Amino acid sequence: MNIVLIVLDTLRKDHVGAYGNPWIKTPHLDRFAAESVRFNRAYPESLPTLPVRRALHTGLRTYPYHGHHDYKGDFSGAPGWGPIPEEQTTVAEALSERGYRCALVSDCYHQFKPSKNFSRGFHEWVFVRGQETDRYLSGPAVSDERVQRHMTEPISENPALAMFLRSYLRNNVRRVSEADYYPARVFTEASRWVRENDDAERFFLVVDSFDPHEPWDPPLNYRRMYDPDDDCVDVIQSLYGPWQGKMTPREVRRIQANYAGEVTMVDRWFGEFMETLRLSGRLDDTVVAVISDHGHNLGLDPGDKGLISKQGHPMTHAVADRVLMVRHPKGEHAGAACDQLVYNLDLTPTILGIAGEALPGAIDGIDVWGQVPAGSAPARDHVTIGWGPLVTVITDDWWLNASIWGEAPLLYAVKDDPALERNLAPDRPDLCADLLRLAVEDAGGSIPQAFSGYHDKPGCTPFEVRYAAIRRVV
């Protein structure tokens, strides 16, 4: 049996029709869901981008980030932002030794920066260039007028954003048609690989799409599905903070429409790739999984808490809840929904198990395929999400978000308060302490000494209130 793993960066679960969204067009993901098991309570064990992928490629926890340090050629990211540790075996390495032909196609440029090693074990890897500030093109120059189209304030008032946009726009100056956008390029390369490797007896293919990650700049026809007017600034980049006082409600609606349009564009090209698998006959002997790494707040209140950002505190459903679907080639459990708590790293042994494979040695992920039938005993009674020194512990009944030392606790009764609006922490310090102990147990039983250096450095997000300000209970 073959294995295809599809990673969609920054895809919010609540922006997919199969997960209940009534207005965003995702027909191909919805069709895939009808043929798959849909996991409704899937979470990452650590965030953001690279820690998630480390766990996916190894089935091992990244939290509590043992051995973390910064690397040359990259910014100072969140703890766990780094290469896959040398002592850990990747799925591609293990399957290559067993005769699988392995390939990676991705535009997630963080995986290909100096010092990163996410191509380990693959016979072929394709780096689709140009996302964000990927050092892809150094010219031609991008005019101030072009940059200003996407900024709500003058360039002089936010030179960092202007520099970011200038780099991104320069990298994409050669776009002519939709085929030049990243989802098209990534999934077209994946389809090309399937066609050119039709002689492979067994294969493992990872298709890792950075979209719908910001900047959100889909072709106009996609944006106009959700916002047909051209009467405001075309905001395409996250604020990484509260939007009130920085954007108008009209501009917030525009950024929401741009994101929705990008989701629909990703869905379209995902569908093209799935059709390649279907027409090639490979869908009949291939397990296919789709997972997102995290989401993004888009000012969709009350759940987004007035934020256009991703951050470890306050943790929201928009950021934490994952899309996770697994399609068995024989139709096993097709159309089923699983409401049990699962991690992203549980996907690794699950898809390997369906294919009759396993990673060598002990791993942290659990094969959860046996938990899919209704009434099955749960594999986990809680999950812990780490983002630097910030943790979120989720059980069937509770959602605790705080520093690992218990600072600025946010406690919600998830069944009665789905938007996480009523903080019960002041009234339940005992419960906060009990839940926090679970996060410490998941870190190995005690808070690692290295965490003292992370106290004011959650990393990897310029969320303006940062960790020092979470003492003001949000």
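Anything mentioned here points back to the structure above.
Definitions and cut-offs
- Residues numbered from 1 in each chain as written.
- Predicted model: local features only at pLDDT ≥ 70, side-chain atom pairs only at ≥ 80, totals over all residues.
- Heavy atoms only, no water.
- 1 Å grid on protein atoms, 1.4 Å probe; cavity = no way out; pocket = protein on both sides within 12 Å on 5 of 7 lines; lining within 4 Å.
- Points joined across faces, edges and corners; volume = space filled by probe spheres on them.
- Helix = DSSP H or I, 4+ residues; strand = E, 2+ residues; numbered from the N terminus.
- Nonpolar A, V, L, I, M, F, W, Y, C, P; charged D, E, K, R; others polar.
- Pairing = 2+ DSSP bridges.
- Axes fitted to C-alpha atoms, helices over the stretch in contact; angles between N-to-C directions.
- Buried < 20%, exposed > 50% of the residue type's maximum accessible area, 1.4 Å probe, protein only.
- Polar contact = N/O pair within 3.5 Å; in protein donor to acceptor, adjacent residues only side chain to side chain.
- Contact = heavy atoms within 4.5 Å.

K.L.:
Looking at this model, I keep getting lost on the layout of surface pockets. Mind explaining?
P.N.:
One water molecule sets the probe size; rolling that probe over the atoms shows where empty space is left. Of the voids in this model, the second largest pocket is the one considered here, and its volume is about 460 Å³. In this structure, the second largest pocket is lined by 23 residues; those nearest its centre are Arg 146, His 150, Arg 175, Tyr 181 and Asp 217. In terms of residue count, helix 5 (residues 159-171) provides more of the lining of the second largest pocket than any other element does, three residues in total. When the residues that make up the lining of the second largest pocket are grouped by side-chain class, the tally is ten nonpolar, four polar and nine charged.

K.L.:
Any chance you could explain empty space enclosed by the protein here in plain terms?
P.N.:
Overall, the coordinates contain three cavities of 30 Å³ or more when judged by the stated rule. Taken as a whole, the second largest cavity spans an internal volume of roughly 40 Å³. Taken together, Leu 5, Leu 56, His 57, Val 91, Phe 204, Thr 348, Ile 351 and Leu 352 make up the full set of residues lining the second largest cavity. If you list the elements that add at least two residues to the lining of the second largest cavity, you get helix 2 (49-58) and helix 10 (347-354). For the lining of the second largest cavity, the element with the most residues is helix 10, which contributes three residues. Its residues assigned to classes, the lining of the second largest cavity shows six nonpolar, two polar and no charged.

K.L.:
Whenever I open this one, the sheet that holds strand 14 (residues 390-394) confuses me. Can you help?
P.N.:
Within a beta sheet, neighbouring strands are joined by backbone hydrogen bonds and run either parallel or antiparallel to one another. If you walk across this open sheet you meet the four strands as 13-14-15-16, and the pairing is antiparallel. Looking along the sheet, the strands with just one partner apiece sit at the ends: strand 13 (383-387) and strand 16 (410-413). Looking at each pair of strands side by side, their axes are set apart by 10° on average, direction ignored. Judged from the five bridges that link them, strand 13 and strand 14 form a sheet pairing that is antiparallel. Directly across from Gly 386, in strand 14, lies its bridge partner Val 391.

K.L.:
I would appreciate a short explanation of the side chain of Thr 395 in the present structure.
P.N.:
Residue position: Thr 395 is located in the loop between strand 14 and strand 15 (398-403). Judged by its relative accessible area of 12%, Thr 395 is buried. Engagement of the side chain of Thr 395 in a polar contact is seen with the backbone nitrogen of Asp 397, the distance being 3.2 Å. Sequence-distant contacts of Thr 395, that is, excluding residues within four places in its chain, are made with Arg 41, Leu 341, Asp 381, His 382, Val 414 and Leu 435.

K.L.:
How should the environment of Leu 104 be read in this particular structure?
P.N.:
Tracing the backbone through its elements, the reader meets Leu 104 in strand 4 (residues 101-106). Note on Leu 104: relative accessible area 0%, which makes it buried. Through-space distance from the C-alpha of Leu 104 to that of Leu 277 is 16 Å; in sequence the pair is 173 residues apart. For Leu 104, the contacting residues outside a window of four places in its chain are Phe 112, Phe 118, Ser 119, Phe 122, Glu 124, Trp 125, Val 126, Val 206 and Asp 208.

K.L.:
Help me understand the environment of Pro 349, please; the structure alone is not making it clear to me.
P.N.:
Counting through the fold element by element, Pro 349 comes out in helix 10. Residue class for Pro 349 comes out buried when judged on its relative accessible area of 12%. Distance from Pro 349 to Leu 438, taken between C-alpha atoms, is 23 Å for residues 89 residues apart in sequence. Residues contacting Pro 349, with those up to four places away along its chain left out, are Ile 363, Gly 365, Ile 366 and Asp 367.

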